[in-house]
Amino acid sequence: MRFDVITLFPEMFSAITDFGINRRALEKDLYALHCWNPRDFTADNYRTIDDRPYGGGPGMVMLPEPLLAAIEAAKVAQNQAGNLAPKVIYLSPQGQPLDQAAVKQLSACSGLVLLCGRYEGVDERVIKHSVDVEVSIGDYVLSGGELGAMVMMDSIIRQLPGALNHNLSAQQDSFEDGLLDCPHYTRPEDYRGMTVPDVLLSGNHAEIRRWRLKQALGRTWLRRPDLLDQRVLSKEEARLLSDFKSEHIT
Ligand SMILES: CN(C)c1cccc(CNc2ccc(C(N)=O)cn2)c1
């Protein structure tokens, strides 16, 4: 997976390239990241990349030329890496909400160009001319698209084969099966009188799997019933959830 990011602040991306899973995946060549700064595509001495909005109003808008030139350069680099039709994604509050299903789809692409806006956003002609899909990481406004791009990249990198020590944990990631995650415990067995559920110490893996599934279903019911609306339950899941409900003291 090759990421080409259009951003005024390339240094921000060390937040994912320098740590943990994303750092190891980069070292293992599971992905590549190239940043393109629109300032390097300006023609004036002041390296201008924004201007006031037509029609008035607060804030500034990013100029189309430097952005379109940077996107073109990124696309050429993608083509040279063998990705002939890289998807161009614009991070904005006006985008379609990012969810795990979209993350899984995007992780199947061989190359992505991520456009990070600042200020009040980019000139609409950039979106019309070069953006394939607008994506939002949530209903709030950030000072730039960079954090959205990093959130998207992080979630995608986890999906790449070899990124997690064993891929099984990617499939078992919560949201992977449309449910919230079950509770997790590690040493000690008794921490300040708070003990670990016996089933997890039993070594009975069938029981443990059932307990975890029941907890995931119960938590989803309690905290995010909307996720249950979109999910068909198996016979076993339906039974586990109804058991959870009958045992749940409100
Ligand atoms: C209209 N406006 C302020 C604006 C328009 C476009 C980009 C930006 C840059 N900031 C971002 C980007 C993405 C998200 C998100 N939720 O994904 C939140 N903030 C701001």
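Please read all numbers here as calculations on a predicted model, not as lab measurements. (Residues numbered from 1 in each chain as written. Predicted model: local features only at pLDDT ≥ 70, side-chain atom pairs only at ≥ 80, totals over all residues. Heavy atoms only, no water.)

Draft legend 1. Local environment of the environment of R47. Relative to the elements of secondary structure, R47 occurs in the loop between β2 (32–36) and β3 (50–51). Spatially, the C-alpha atoms of R47 and R231 are 51 Å apart, while their sequence positions differ by 184 residues. Among residues more than four places away in sequence, those in contact with R47 are R39, D40 and T42. Polar side-chain contacts of R47 include one of 3.1 Å to the side chain of D40. (Helix = DSSP H or I, 4+ residues; strand = E, 2+ residues; numbered from the N terminus. Contact = heavy atoms within 4.5 Å. Polar contact = N/O pair within 3.5 Å; in protein donor to acceptor, adjacent residues only side chain to side chain.)

Draft legend 2. Just unusual backbone geometry, in detail. Here the residue pair R187 and P188 is connected by a cis peptide bond, since its omega of 0° sits within 30 degrees of zero. Its location among the elements puts P188 in the loop between α7 (168–172) and β8 (190–191). The backbone phi angle of R47 is positive, close to 50°, even though this residue is not glycine.

Draft legend 3. Representation of the UniProt feature "binding site: S-adenosyl-L-methionine" (unreviewed entry) in the protein chain in the model. Per the UniProt record, the feature "binding site: S-adenosyl-L-methionine" (unreviewed entry) sits at G117, I137, G138, D139, Y140, V141 and L142. Summarising the element assignment, I137 is placed in the loop between β7 (133–136) and α6 (146–157). Beyond its immediate chain neighbours, meaning those up to four positions away, I137 contacts L98, L142, G148 and V151. Inspection of the secondary structure assignment puts Y140 in the loop between β7 and α6. Residue Y140 is classed as partly exposed on the basis of its relative accessible area, which comes to 42%. (UniProt positions renumbered as here; feature names shortened; annotations may be inferred. Buried < 20%, exposed > 50% of the residue type's maximum accessible area, 1.4 Å probe, protein only.)

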